[in-house]
Amino acid sequence: MKYLLVSLLLIIGLTGCASQRITELSTAEDWVGLANYDVEAGRKSRSEQDLTSLGASDKEQQSEYQTAYEAHVKEYCKPDNGYHAGISGKPRNSVCIDDAPQGWLYEDNWETGLEAGKIF
């Protein structure tokens with residue numbers, strides 16, 4: 001029971017940090033930063049409705065987000081980066097694994113990195 005409570009508090013705390021970062025980026029109207037954050041967090045691309053609720057109300061802002069998101073997927077989700085994410089202990093990134101063209105290779109490299117991280 002003690003471990004369950006600690007785990008729950010940790011999850012709530014991490015969720016709060018994520019929400020705060022999203023608020024910071026949207027308040028600053030940093031749509032490129034938000035796109036990069038979403039890719040690295042393994043979050044699917046935000047819909048027009050989601051972006052509008054965050055303050056990206058015009059098509060230009062939404063296009064800026066979408067263009068940055070797609071560009072960051074291409075860069076961040078390169079298979080070699082999977083190893084670095086794994087050895088750093090980052091969680092499974094469904095954007096890089098499920099949506100990227102070489103997702104299977106990214107996942108293999110990520111798993112290898114996870115195993116290597118356990119050794120150190």
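Residues numbered from 1 in each chain as written. Predicted model: local features only at pLDDT ≥ 70, side-chain atom pairs only at ≥ 80, totals over all residues. Heavy atoms only, no water.

## As for helix α5 (residues 79–87)
What counts here: Residue exposure (1.4 Å probe, protein chains only): buried if accessible area is under 20% of the type maximum, exposed if over 50%, otherwise partly exposed. In DSSP terms, a helix is any run of H or I states spanning at least four residues, a strand is any run of E spanning at least two, and both are numbered starting from the N terminus. Of all possible arcs, the one meant is that of the directions from the helix axis to the C-beta atoms.
What α5 keeps buried is the set P79, G82, A85 and G86. Looking down the long axis of α5, one finds its buried residues gathered within 95° of arc, a one-sided arrangement. Immediately beyond the C-terminal end of α5, within one or two residues, lies G89, with a positive phi of roughly 80°.

## Describing the side chain of D38
Going by this rule: Contact between two residues is taken to exist if any of their heavy atoms lie within 4.5 Å; hydrogens are not considered.
Note that D38 resides in helix α2 (residues 31–40). Setting aside residues up to four positions removed in sequence, D38 forms contacts with R43, R46, Y65 and Y69.

## Some details on unusual backbone geometry
Where the residue is not glycine, phi is negative for most of them; where a peptide bond is considered, it is trans in most cases. Its identity as a non-glycine residue notwithstanding, E29 has a phi of 55°, on the positive side. Structurally, E29 is set in the loop between α1 (2–27) and α2. On the basis of relative accessibility, which here comes to 48%, the residue E29 falls in the partly exposed class.

## Side note on the state of the cysteines
Short version of the rule: Pairs of cysteine sulfur atoms within 2.5 Å are what we label disulfides.
Applying the stated rule across the entire model yields one disulfide. Across a sulfur-sulfur distance of 2.0 Å, C77 and C96 are joined as a disulfide pair. Disulfide C77 to C96: torsion about the S-S bond roughly -65°, handedness left-handed. Residue C77 is located in the loop between α4 (59–76) and α5, and its partner C96 is located in helix α6 (residues 94–99); the two are separated by 19 residues in the primary sequence.

## Some points on the confidence of the model for the chain
What counts is decided by this rule: The predictor attaches a confidence to each residue, and that confidence, scored 0 to 100, is pLDDT.
Residues of the chain with pLDDT of at least 70 account for 84%, and the chain-wide mean is 87. Note that pLDDT drops below 50 for residues 1–16; the model gives that stretch zero contacts with residues more than four away or on any other chain.

## Considerations on the pattern of salt bridges
Proximity of charged atoms lets side chains of opposite charge pair with each other. The line we're drawing: Any carboxyl oxygen of Asp or Glu that lies within 4 Å of a side-chain nitrogen of Lys or Arg is treated as forming a salt bridge with it.
Scanning all chains against the criterion turns up eight salt bridges. Where E48 meets K59, a salt bridge forms, and the shortest distance between an N and an O atom there is 2.9 Å. Separated by 11 residues along the polypeptide, E48 in helix α3 (residues 48–54) and K59 in helix α4 bring together distant segments of the chain. A relative accessible area of 48% means that E48 is categorised as partly exposed. Here D98 and R92 are joined by a salt bridge, their closest N and O atoms 3.2 Å apart. By relative accessible area, R92 is classed as partly exposed at 40%. One network of salt bridges, with partners in common, ties together R92, D98 and E107.

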